[in-house]
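What follows is each chain in one-letter form.
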Amino acid sequence: MITPNSSNEKMAETTAVNQEDIFGPMFAMFFLSSVVGFTVASRRVPFIRAYLKKHRIRDDTEMDNPSSPHYLLKISPPYVYNPSNNLKNLFEFPVLFYSVILYLFVTNQVDIWYIRAAWIYAGLRCMHSFIHCNSNIVIYRFLVFLASVQVLGYMLFRAGWAHFSGRTSLAIWASLG
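Predicted model, so just to flag it, every value in this text is computed and none were measured.

Draft legend 1. Region of interest: the packing of aromatic side chains. Here the structure, examined in full by the defined rule, presents eight aromatic pairs. A ring pair is formed by Phe93 and Phe145, whose centres lie 5.5 Å apart and whose planes are at 75°; its orientation type is edge-to-face. With Phe93 in helix H5 (residues 93-106) and Phe145 in helix H7 (residues 138-165), this pair connects stretches of sequence that are 52 residues apart. You can call Phe145 partly exposed: its relative accessible area is 24%. Every member of this aromatic cluster is reached through a ring pair, and the members are Phe27, Phe30, Phe97, Tyr98 and Tyr121.

Structure below.
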């Protein structure tokens, strides 16, 4: 017989997590996107100002024209365009991360393994951004990216499996029939 003070209940209490803890890694990713956005501005604006002054260009619309010799994508050095490319990356796979985080919270499925995986994912994306915005050694960046995709894949697969094989999906299928 299980009593209120049994070891099973104590174990369940220690492994229970606050569902809102899953938002920590999500806000870390928001912060990362903000830092990278600031990095883009802090590198691009001075570069453009210096370039316009050096080449005595009064109309900066030439920098938006792909056929112009002053087209921004052609003239920007890596320290200017790498952060910009990284910012674009932060609106690709991380969108799936945000989606699964919200799904887990709404369906009350957050557990310690999801929280750990989410923090690992956020940490790997920070490493990816640091490499991309600085040294940009492609093989290192790729390996970190690959690891982050695997962590995200784990989260997505596990959530999808629970959805289509568990109680969450039963309510959806019942409503369709």
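Draft legend 2. Quick look at helix H2 (residues 23-54). With 32 residues, H2 extends 46 Å between its outermost C-alpha atoms, agreeing within 8% with the 46 Å of an ideal straight helix rising 1.5 Å per residue. Downstream of H2 by a residue or two, Arg56 has a phi angle that is positive, lying close to 50°.

Draft legend 3. Quick peek at a negative patch on the surface. Taken together, Asp59, Asp60, Glu62 and Asp64 make up a surface patch of like negative charges. Positionally, Glu62 belongs in the loop between H2 and helix H3 (72-75).

Draft legend 4. Local environment of the pattern of salt bridges. Tallied over the entire structure, the rule returns one salt bridge. Across the pair Arg158 and Asp111 runs a salt bridge, and its minimum N-O distance is 2.2 Å. Of this pair, Arg158 sits in helix H7 while Asp111 sits in the loop between H5 and helix H6 (112-133), and the two are 47 residues apart along the sequence.

Draft legend 5. A look at the side chain of His70. Following the sequence through the fold, His70 ends up in the loop between H2 and H3. The residues contacting His70, other than those within four sequence positions of it, are Tyr51, His55, Ile57, Glu62, Met63 and Ile75.

Draft legend 6. The arrangement of a nonpolar patch on the surface in detail. Together, Ile137, Ile139, Tyr140, Phe142, Leu143 and Leu146 give the surface a local cluster of nonpolar side chains, amounting to about 570 Å² of exposed area. Its location among the elements puts Phe142 in helix H7.

Draft legend 7. Focus on the side chain of Arg141. Mapped onto the secondary structure, Arg141 falls in helix H7. Within the buried set, Arg141 has no salt-bridge partner at all; the shortest N-O distance to an opposite charge, 9.2 Å, is to Glu92.

Draft legend 8. Representation of unusual backbone geometry within the structure. The phi angle at Arg56 is positive, at roughly 50°, despite the residue not being glycine. Along the chain, Arg56 falls in the loop between H2 and H3. In this model, Asn108 sits at a positive phi of 60°, which is unusual for a non-glycine residue. Here Asn108 is to be found in the loop between H5 and H6.

Draft legend 9. Representation of the nonpolar core in the model. Core analysis: the largest hydrophobic core is formed by 28 residues, its most contacted members being Ile22, Met29, Phe97, Ile101, Leu104 and Met155. Counting residues per element, the ones that place at least two in this core are H2, H5, H6 and H7. Broken down by element, the residue count for this core peaks at nine residues, all from H6. Apart from the residues within four sequence positions on either side, Ile101 is in contact with Ile22, Phe23, Met26, Ala118 and Met155. Membership of the second largest hydrophobic core comes to nine residues, among which are Phe47, Leu52, Ile57 and Met63.

Reading the values: rules and limits
Residues numbered from 1 in each chain as written. Predicted model: local features only at pLDDT ≥ 70, side-chain atom pairs only at ≥ 80, totals over all residues. Heavy atoms only, no water. Phe/Tyr/Trp six-rings, centres within 6.5 Å; stacked < 30°, edge-to-face > 60°. Helix = DSSP H or I, 4+ residues; strand = E, 2+ residues; numbered from the N terminus. Buried < 20%, exposed > 50% of the residue type's maximum accessible area, 1.4 Å probe, protein only. Expected span 1.5 Å × (residues − 1). Patch = residues over 30% accessible without salt bridge, like charges linked within 9 Å, V, L, I, M, F, W, Y side chains within 5 Å. Areas by Shrake-Rupley, 256 points an atom, 1.4 Å probe, with all protein chains shown as cover. Salt bridge = Lys/Arg side-chain N within 4 Å of Asp/Glu carboxyl O. Lys, Arg positive; Asp, Glu negative; His and termini not counted. Charge placed at Lys NZ, Arg CZ, Asp CG, Glu CD. Contact = heavy atoms within 4.5 Å. Core = buried A, V, L, I, M, F, W, Y, C linked by side-chain atoms within 4.5 Å.

Honestly, it's all geometry; don't read function into it.
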